[in-house]
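Observations on the three-dimensional arrangement
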Amino acid sequence: QVQLVQSGGGSVHAGDSLTLSCAASEGSLRTCVIGWFRQAPGGEKEYVGAIVRNRGIQYYADSVKGRFTISRDNGKSMVYLQMSNLKLEDTAVYYCACNKRYNDYEDPSDYDHWGQGTQVTVSS
């Protein structure tokens, strides 16, 4: 059973940086595409990016490309979302999730295992 435990998050000012962490149960990174999503109040889950399992290639939504970076440490079974130049519109609850269907990385319904979510609040 895949388990994902998130840490990080908090309140920052626009232009600041913040890193979110996602601890995956042992072995999960060999079988999961790890995606990051966010959900603003009253909104639906929005795709942020994903990192594939073998070659570690990353994909990003246009809204975060160039500002956010996904990385992983296989030895620690950790995945990170490094966010820089944060904007007010980045305020949301952020989730990491595991996709074992290996198809549409941008569709949250293709992810079966989710972290608990962590709040990121960006203020001016």
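This text follows the structure it describes.
What counts, and where the lines are drawn
Residues numbered from 1 in each chain as written. Predicted model: local features only at pLDDT ≥ 70, side-chain atom pairs only at ≥ 80, totals over all residues. Heavy atoms only, no water. Disulfide = S-S within 2.5 Å. Helix = DSSP H or I, 4+ residues; strand = E, 2+ residues; numbered from the N terminus. Buried < 20%, exposed > 50% of the residue type's maximum accessible area, 1.4 Å probe, protein only.

Topic: the state of the cysteines
Enumeration over the complete set of coordinates arrives at two disulfides. One disulfide bridge connects cysteine 22 with cysteine 96, the sulfur atoms lying 2.1 Å from each other. On the sign convention where negative is left-handed, the bridge of cysteine 22 and cysteine 96, at about 75 degrees about the S-S bond, is right-handed. With cysteine 22 in strand β3 (residues 18–24) and cysteine 96 in strand β9 (residues 92–99), this residue pair connects regions lying 74 residues apart in the sequence. Like cysteine 22, the residue cysteine 96 is buried in the burial classification. Each sulfur in the disulfide pair cysteine 32 and cysteine 98 lies 2.0 Å from the other. Torsion about the S-S bond of the cysteine 32 and cysteine 98 cystine: about -80 degrees, corresponding to left-handed handedness. Here cysteine 98 lies in strand β9 and cysteine 32 lies in the loop between α1 (28–31) and β4 (33–39), a separation of 66 residues in the sequence. Assessed through its relative accessible area of 0%, cysteine 98 is described here as buried. Regarding the disulfides, the protein carries the connectivity 1-3, 2-4 under sequence-order numbering of its bonded cysteines.

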